[in-house]
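# Observations on chain architecture
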Amino acid sequence: FYGRVIINPDGQLNLASIASREAGAQPQSLTTPQPAASAPAAPAPVASAPAAKSAPAAPMKLRWQGIKLSKGRVDFTDNYIKPNYSADLTRIEGSISAVASDKPEPATVDVSGAVDDGAPLKITGQLHPLGPRLFTDIQGSAKGIELTRLTPYAARYAGYAIEKGSLSMTVHYKIDGGKLEASNQIFLDQLTFGEKVDSPDATKLPVLFAVALLKNRHGEIDINLPISGSLDDPQFSVGGIIWRVIVNLITKAVMAPFSLLSGGGDELGFVPFAPGSADLTEAARARLDTLAGKLDDRPALKLEATGRADPAVDVAGLRAAHVDRLMRAAKAKAQGVAVSEVKISPDEKNQWLTAAYKAADIKKPRNLVGLAKTLPPAEMEALLQAAAPVNDAALKHLADHRGDAVKAYLVTKIAPERVLLTASKVGTDGLPDDKGPSSRVQFGLK
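Okay, so let's go over this structure.

Cut-offs applied
Residues numbered from 1 in each chain as written. Predicted model: local features only at pLDDT ≥ 70, side-chain atom pairs only at ≥ 80, totals over all residues. Heavy atoms only, no water. Axes fitted to C-alpha atoms, helices over the stretch in contact; angles between N-to-C directions. Helix = DSSP H or I, 4+ residues; strand = E, 2+ residues; numbered from the N terminus. Parallel < 35°, antiparallel > 145°, perpendicular 65-115°, else oblique. Left-handed = near helix turned anticlockwise from the far one by under 90°. Contact = heavy atoms within 4.5 Å. Buried < 20%, exposed > 50% of the residue type's maximum accessible area, 1.4 Å probe, protein only. Pairing = 2+ DSSP bridges. Phe/Tyr/Trp six-rings, centres within 6.5 Å; stacked < 30°, edge-to-face > 60°. Lys NZ or Arg CZ within 6 Å of the ring centre and 35° of its normal.

A few words now on the packing of helix 8 (residues 349-359) against helix 9 (residues 377-386). At their nearest, the axes of helix 8 and helix 9 sit 10 Å apart, and the two run at 50 degrees to each other. Here helix 8 lies oblique to helix 9, going by the angle between them. Read as a crossing pair, helix 8 and helix 9 show a hand that is left-handed. Contacts from Lys349, Asn350, Leu353, Thr354, Ala356 and Tyr357 of helix 8 reach helix 9 at Pro377, Met380, Glu381, Leu383 and Leu384.

Given below as structure tokens:
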């Protein structure tokens, strides 16, 4: 068998002329499309009897017996898109079992073929188009469709021609009770865009960035685009739904790239630090390991890192860190070791706090004879914290050190030129509302 399917320049499908034609006209053959200048077919006359007196029409009884498909070919041309797109379904073989409008059992579908002779095509499942409501539970797959043939669509809607790549997909469309639930597992291999095309219909979203975010180190993009909708909605359109899903995916790549990178959540968009500290915790290192792995799998992406400090939390943290350094310095001096080798355990804190207080050159409360008073540990700690040199410069220095620590760790995992430190920031202006701490290094992708 042979079929000819055409989308006309006005966007209408040539098959529509089968269902609507002038009374007495002969059915159109699918193998002979109507000339472009043909007038639209008029609807069949309607009986003139008043509606109130018309007897309700009995539902048509329709059925088909088992259908066998052999040596089939369907040629498709889209004249709506410029330049035109054409594709051929070839070597169509298979069967569709019997189905009747007065029986609930759906037909079993098992059809195979190829797209342009080179990409295998398979359609299986169940179908009942003759019942009170359409029912489908159909799976379809195609492998290795050449993407360069889709350049007319890419140029018009994405704004770029396609240099190379192939498309494989597995879809599952279920329609029951007027509700559509579908999944579209799409695998793009080596998708490469070419020159930019000036198209008024092209999206303004950064398509190239979205592709770089989705493409792994092997040049592959593997995504699932689930869709759903109601056939009772007058605005329902499968194509429109799929396009909205694609636009939403690209929008998510722009607005929440780390959520897309991690498969959900924004935890890879920043690394938290303890207040007043620029030291990476084990949890922070684990997060950076995960991020580095994602970036290693996407070599086209570069990371921007911005060290941040928030006075609301980091001032107190810097003051506490200052006292900790004084205590460790006192212990290191007493033991004759380097400060970096010293740690203060909780049970010895008061001992070295007292030593640090005695050695500190700060204003101390005096007794009547002018000697420094013996104070409780909490008061000594408060006086040492109050004397800490914490100002805007110290906060900026903290933010810088946080950025330096992150880059120093990441460049052991990925190429240094892929990590760019931007100017550090003090305060919370421009901080994303991601529920994370404000003492952090913030990331961006480009």
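On to the environment of Ile145, then. On the secondary structure map, Ile145 appears in strand 8 (residues 135-146). With 22 residues separating them in the primary sequence, Ile145 and Leu167 have C-alpha atoms 4.9 Å apart. For Ile145, the residues in contact, after removing those within four places along its chain, are Val115, Ala119, Gly165, Ser166 and Leu167.

Of all seven residues in strand 14 (residues 303-309), six are buried, a share of seventy percent or more. One ladder, built from three bridges, connects strand 14 with strand 15 (residues 419-421); its direction is parallel. Looking at strand 15, one finds that Ala305 is bridged to Leu421. Pairing between strand 14 and strand 17 (residues 440-445): five bridges, direction antiparallel. Looking at strand 17, one finds that Gly307 is bridged to Val441. When strand 14 meets strand 16 (residues 425-426), the two strands line up parallel, connected through two bridges. Within strand 16, the residue paired with Ala309 across the bridge is Val426.

Okay, the pairing of strand 3 (residues 67-78) next. For a regular strand, side-chain orientation follows a simple rule: the groups alternate between the two sheet faces. Where strand 1 (residues 2-7) lies against strand 3, six bridges are found, and the strand directions are parallel. Its bridge partner being in strand 3, Val5 is matched across the sheet by Phe76. Direction of pairing for strand 3 relative to strand 4 (residues 85-96): antiparallel, over a ladder of nine bridges. Counted as the bridge partner of Phe76 is Ala87 from strand 4. Count of turn residues in the strand 3/strand 4 antiparallel hairpin: six residues.

Another aspect to go through is the side chain of Thr90. In this fold, Thr90 is placed in strand 4. Judged by its relative accessible area of 4%, Thr90 is buried. When residues no more than four places from it in sequence are discounted, the contact partners of Thr90 are Gly72, Arg73, Gly113, Ala114, Asp116 and Asp117.

A separate point is the packing of aromatic side chains. Inspection of the entire model under this criterion finds four aromatic pairs. An aromatic cluster of at least three residues, connected via ring pairs, comprises Phe76, Tyr85 and Tyr153. Of note, Lys364 hangs over the ring of Tyr357, and the distance from its end group to the ring centre comes to 4.9 Å. Taking the ring centre of Phe270 as reference, the NZ or CZ of Arg440 above it sits at 4.0 Å.

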